[in-house]
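A structural walkthrough
This is what each chain is made of:
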Amino acid sequence: MSKRIVIDPVTRIEGHAKISIYLDDSGQVSDARFHVTEFRGFEKFCEGRPLWEMPGITARVCGICPVSHLLASAKAGDRILSVTIPPTATKLRRLMNLGQILQSHALSFFHLTAPDLLLGMDSDPQKRNIFGLIAAQPELARGGIRLRQFGQEIIQVLGGAKIHPAWAVPGGVREPLSPEGRTHIQQRIPEARTIALDALDRFKKLLKDYEKEVQTFGNFPSLFMGLVTPDGLWETYDGHIRFMDSAGNIIADKLDPTRYQEFIGEAVQPDSYLKSPYYRPLGYPDQNDQCRLDSGMYRVGPLARLNICSHIGTTLADRELKQFRELTSGIAKSSFFYHYARLIEILACIEHIEILLDNPDILSNRLRSEAGVNQLEGVGVSEAPRGTLFHHYQVDENGLLQKVNLIIATGQNNLAMNRTVAQIARHFIQGTEIPEGMLNRVEAGIRAFDPCLSCSTHAAGKMPLHIELVAVNGSVVNQIWRE
């Protein structure tokens, strides 16, 4: 038995995705799988390219978060050159990364998630999109557009382009921040801060209407991983790796991110091109291709960053972090709270941007350390909007790439996304029928992670979502598409 249902609008995730939901003999959901169906190729076709080209090449991995790859790649290049870049270059890279996180979080919340939260999970799918949001909440939608514009303007002021700026390079950055550019960014800060605070207030008032989603959207124990400073401060560009469990215990700290292979393993599953990283000391949690709650699974991104840090280091964001922790009893286990965490991080980015711009060194022209190839291997690590990003390069004596490994944030959330889909399906699916509201909740559960699938698998194309119900004997009893 199968049927095909076409539902508009296009689903609000980036990339190709397929979900298989497995039923037991009684027709109840026993498991679920989230499949990414594009081919991964970026790591191979970068081989043979000069090290100096890699920031510009790998920025093209993704049009949504090119700055993340630009900076991680440049940091890997710094390692291969064995240089310490000038302090101003570090500050400017931080500034661009904050702008990147801000604009990407604004896109995720206001454009992709807000239609569900403000119009309703079960609202008319023809109107449950950004255009419906503009009609229903024009000021909120405008604020989201302005907030994203602010982040993109920071990237443009520094790098000369909002997308794929050829600016960060091994050894530093190409161009300084101009006084006019600093003034322009500073003038936009008050409006951005007001929009962020308003969105936070709106979201907190909505939470009482989504208690069921909080309980079922990826609400389970896991590890959380991200970068922090030596004293535990929220970090987006440098620092060391911390792992924390869902009870708030730090299980590993002050890990050198360039030695990631000692604590992160990478598994490959036959039904997806998305790799499945796990915490190596506790082992791969999915030995039988089932979404089980073993300890090696971890989550990254805004939820993880707020869980693992001791504080953010700014007045307004720390105030919001305190409320966040009071609401979640210290550690937020539900993936629904990724949305809340993104809004807090938007506010944190705005405050840290203001601090950086007030630094007297920010306009310095000392931007680059010159050197040749001094090491044959380098790892660059930075926090992308969706989580910790690793670029690992091996070069020959001439700086030509021999091997490339990219560990993308969406991949690190892969096991948790599988578990989230299974939890939502068990709660909402009864029998072989797939009501539209359930389909949207599956999508919304995935969107909580803000997955960037072409970022993870490096392919382009349409964005369909395909869900299968699979009986215990392996037969497909129902299918549904969003095209």
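Data block above holds the structure.
The notes below deal with the structure included here. (Residues numbered from 1 in each chain as written. Predicted model: local features only at pLDDT ≥ 70, side-chain atom pairs only at ≥ 80, totals over all residues. Heavy atoms only, no water.)

Observations concerning the side chain of Glu153
Take Glu153: it is sitting in helix 6 (residues 138-159). Judged by its relative accessible area of 14%, Glu153 falls in the buried class. When sequence neighbours within four positions are dropped, the list of residues in contact with Glu153 reads His184 and Arg188. (Helix = DSSP H or I, 4+ residues; strand = E, 2+ residues; numbered from the N terminus. Buried < 20%, exposed > 50% of the residue type's maximum accessible area, 1.4 Å probe, protein only. Contact = heavy atoms within 4.5 Å.)

Concerning the environment of Glu397
One can find Glu397 in the loop between strand 12 (387-395) and strand 13 (401-407). Glu397 sits in the exposed class, given a relative accessible area of 60%. Separated by 25 residues in sequence, Glu397 and Gly372 place their C-alpha atoms 9.6 Å apart.

With respect to the pairing of strand 11 (residues 377-384)
Counting buried positions along strand 11 yields seven of eight residues, so the element is predominantly enclosed. Direction of pairing for strand 11 relative to strand 12: antiparallel, over a ladder of eight bridges. In the sheet register, Ala384 faces strand 12, and the bridge partner there is Gly387. Once strand 11 ends, the chain turns through two residues before running back antiparallel as strand 12. (Pairing = 2+ DSSP bridges.)

Considering the sheet that holds strand 13
If you walk across this open sheet you meet the three strands as 11-12-13, and the pairing is antiparallel. The open sheet has two free edges, formed respectively by strand 11 and strand 13, since each of these has just one partner strand. Here the average twist between neighbouring strands, direction ignored, is 15°. (Axes fitted to C-alpha atoms, helices over the stretch in contact; angles between N-to-C directions.)

Quick word on the packing of helix 6 against helix 7 (residues 179-206)
Relative orientation of the contacting elements helix 6 and helix 7 amounts to 145°, with a least axis distance of 9 Å. Of the two elements, helix 6 crosses helix 7, and the hand of that crossing is left-handed. Only Gly181, His184, Ile185, Arg188, Ile189, Glu191, Ala192, Ile195, Asp198 and Arg202 of helix 7 make contact with helix 6, whose side of the interface consists of Leu140, Arg142, Gly143, Arg146, Leu147, Gln149, Phe150, Glu153, Ile154 and Val157. Taken together, the residues of the contact of helix 6 with helix 7 sort by class into nine nonpolar, four polar and seven charged. (Left-handed = near helix turned anticlockwise from the far one by under 90°. Nonpolar A, V, L, I, M, F, W, Y, C, P; charged D, E, K, R; others polar.)

Topic: helix 11 (residues 338-357)
The terminal C-alpha atoms of helix 11 lie 28 Å apart, and with 20 residues this matches the ideal 28 Å at 1.5 Å per residue to within 8%. Extensive coverage of helix 11 is indicated by the burial of 18 of its 20 residues. (Expected span 1.5 Å × (residues − 1).)

What to know about the layout of surface pockets
To locate leftover empty space, one rolls a probe as large as a water molecule over the atoms. Counted as a void, the second largest pocket has a volume near 310 Å³. Among the residues making up the lining of the second largest pocket, the classes are represented as seven nonpolar, six polar and six charged. (1 Å grid on protein atoms, 1.4 Å probe; cavity = no way out; pocket = protein on both sides within 12 Å on 5 of 7 lines; lining within 4 Å. Points joined across faces, edges and corners; volume = space filled by probe spheres on them.)

Observations concerning the sheet that holds strand 5 (residues 223-228)
Taken in spatial order, the four strands line up as 7-6-5-10 in an open sheet, and their pairing is mixed. Two strands lie at the open edges of the sheet, namely strand 7 (250-255) and strand 10 (298-299), each paired on one side alone.

Some thoughts on unusual backbone geometry
Although it is not a glycine, His164 adopts a positive phi angle of roughly 55°. Relative to the assigned elements, His164 resides in the loop between helix 6 and strand 3 (168-169). With a relative accessible area of 21%, His164 lands in the partly exposed category. Of note, the phi angle at Asp450 is positive, near 50°, even though the residue is not glycine. Position of Asp450 relative to the elements: it lies in the loop between helix 14 (436-447) and helix 15 (453-457). For Asp450, a relative accessible area of 6% corresponds to the buried category.

Note that all results are geometric; they support no functional claim without further evidence.
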